[in-house]
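# Remarks on the overall topology
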Amino acid sequence: MDLSAHGDVTIGDVIRLSLPFGTMVSTGPGQMGRALNWAVTLANWQTAADEVQARDLVILPQALQEQTSPDELAGHIAVLADVPAAALVTFQEITPDVKRAALRLDFPVLVLPENTALRTVQRVITSLLLDRQTQTTERGMELYRQLSQMSLEARGLQAMAEMMCTVTGKIVVIQDKRLDIRAMAVPAGNGDANAGLDVNLVREALGQRDNLPAVLRNRKAAARARQSYWQQLLPIENVGRLLAPIVSGDRARGYVSVVGRAGDLDLLDSLTAEHGAAACALEMAKAKAVSEAEKKLRGDFLEGLLAGTLPQKEIERLEARLDHDTTQAHAVMTVAWDSPDPPSLRRLETSINWLLSSHNRPALLHIYAGDHVAVFQALRDGEDMSTAHELERRLREHLQVEFGDARLISGVSGPAMALADWPSVHQEALQAMQLGQRLNFNHMVEFNSLGIYQLLSHIEHLAPVQTFTQQIIGPLADYDRRHRGSLVETIDAYFKHHANVSQTAESLFIHRNTLLYRLERIQELTGQDIYQSDMRLALHLALKLWQLRPET
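What counts, and where the lines are drawn
Residues numbered from 1 in each chain as written. Predicted model: local features only at pLDDT ≥ 70, side-chain atom pairs only at ≥ 80, totals over all residues. Heavy atoms only, no water. Pairing = 2+ DSSP bridges. Helix = DSSP H or I, 4+ residues; strand = E, 2+ residues; numbered from the N terminus. Axes fitted to C-alpha atoms, helices over the stretch in contact; angles between N-to-C directions. Parallel < 35°, antiparallel > 145°, perpendicular 65-115°, else oblique. Left-handed = near helix turned anticlockwise from the far one by under 90°. Contact = heavy atoms within 4.5 Å. Phe/Tyr/Trp six-rings, centres within 6.5 Å; stacked < 30°, edge-to-face > 60°. Buried < 20%, exposed > 50% of the residue type's maximum accessible area, 1.4 Å probe, protein only. Salt bridge = Lys/Arg side-chain N within 4 Å of Asp/Glu carboxyl O.

## A word on the sheet that holds strand S1 (residues 24-26)
What the five strands build is an open sheet, ordered S1-S5-S4-S3-S2; its pairing is mixed. In this open sheet, the two edge strands, each paired with only one partner strand, are S1 and strand S2 (38-41). With direction set aside, neighbouring strand axes in the sheet form an average angle of 25°. Of the pairings in the sheet, the one linking S2 to strand S3 (residues 56-60) comprises four bridges and is parallel in character.

Given below as structure tokens:
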């Protein structure tokens, strides 16, 4: 007899919408579509033939199951399969022999979790049969309570995604505000309803911001939207999703998607997306609160350490609570904006934190004195600074995409072999960054590469040094201003190309004779003979000091 459903309540519906979470199913493939008419609770096996009719869901009370041996139970299942009943619900585990007997007969056996109450099972199944929509709504609320409890128990987003996946039988994906996947659960074997669905294509589609409904692309607008969930087709044949923003405060912090065949998404799936997003908001808010507390601890520690205001006992107390190994060698980076109207340092800090989530070395970071972001990154060994350079390279690439023309300046120094070295190495990185800014470098400046600039930066403010610089380079700068010339640029290029006239002319896109004329003019204005070593050195030093001037 065909027990498939045609708009009726099915065994799959009973599992999804009524039975307790964690119900185990023992059956062959394709049996979840069996339809049922009613639920019958057995009083005893002797009257079963009179009580059970075709398409009945048979509930076997625990007391009766305890009185029935495995062999007897297998025989009774054969009788029920002949009726044919829809399925058997038990309150205790069944033996492997009984499972095999049920599988041979293609007869579903549903094993409830321990301590499930008979009256509860009778009530929810009856409710489903009489009023499917009301029972579905109650199931959604039950799921929300379960997910909220999981959040309180700190079981994490992955466990919550797996719970939603189990309830719906669909792929469930939890993403953060950047659309990075924080948790993903796929039904075992991808589920009957999702058979053949390419999970990699789902990942790719959900990672594209253009695939979000327009209102959800703005996180504040998503939080204000009247809808709680959206249904949309994905750019995959016959695949859709139910999507709900995870709203905390005044903006969306992420998204929950229930993904499946477009025609199979139903009311429970929409309630799962909606209630799942609400529960995930609790989890994300809790995680953010913990993160903020950890951030304050790090900030207090680093601020006091770098400023030299923390007593040693306080350093030791806070260091022990950092969840970071400060005994390793560290590179110290300083990063800041250098634009007329830059984004906030908080945005810069957020971008670095995001990159660190996929970086191969642990790091601490802190907005120091509201001036720059300081990054203390553990090194692979005491001498290898390559991972710090890799982090800065990735940061520049990321900021170019996210903030366009906003200019970044950065410096690095190290290794700092011990915690006591962090303040001095931080100062070196800061000095490198500031010099890079003044010299208009468009790359991270390493302190150890500064060479002569390390010395010059210490003496540039001395009055005799300023007089020396003005006497030699001042006339060139004055000439350039009056004649829209480029003598300062010319002598700089000349030194950069090691006094090679041909290479210098080529770099400036001028004729060799034009360069020779300019060099003669430079010698006249400065009084320095570029072919005499001492005078050439004086001219070169004066140029370096001039380049350090704030106005340049």
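## Re the packing of helix H4 (residues 70-82) against helix H5 (residues 96-104)
Where H4 contacts H5, the axes come no closer than 9 Å and their chain directions differ by 10°. When the interaxial angle is binned, H4 and H5 end up roughly parallel. By crossing handedness, the relation of H4 to H5 is classed as right-handed. Facing Pro-70, Leu-73, Ala-74 and Ile-77 of H4, the residues of H5 in contact are Val-98, Ala-101 and Ala-102.

## Some points on the packing of aromatic side chains
The full count for this structure, using the stated rule, is three aromatic pairs. For the pair Trp-337 and Phe-403, a centre-to-centre distance of 5.5 Å together with 80° between the ring planes defines the contact as edge-to-face. Of this pair, Trp-337 sits in strand S11 (residues 330-337) while Phe-403 sits in helix H14 (residues 386-403), placing them 66 residues apart in sequence. By relative accessible area, which is 17% here, Phe-403 ends up buried.

## Some remarks on the pattern of salt bridges
Across all of its chains, the model carries 27 salt bridges by this definition. Among the salt bridges present, the one from Arg-123 reaches Glu-138, with a minimum N-O distance of 3.9 Å. Separated by 15 residues along the polypeptide, Arg-123 in helix H6 (residues 118-130) and Glu-138 in helix H7 (residues 132-152) bring together distant segments of the chain. For the salt bridge of Asp-338 with Arg-407, the shortest nitrogen-to-oxygen distance reads 2.4 Å. Pair noted here: Asp-338 is in the loop between S11 and helix H13 (345-356) and Arg-407 is in the loop between H14 and strand S14 (408-416), with a separation of 69 residues, a long-range link. Taking relative accessible area as the criterion, Asp-338 reaches 25% and is therefore assigned partly exposed. Overall, Arg-407 belongs to the buried group, its relative accessible area being 18%. It is possible to trace a salt-bridge network through shared partners that takes in Lys-288, Glu-292, Lys-295, Arg-346 and Glu-349.

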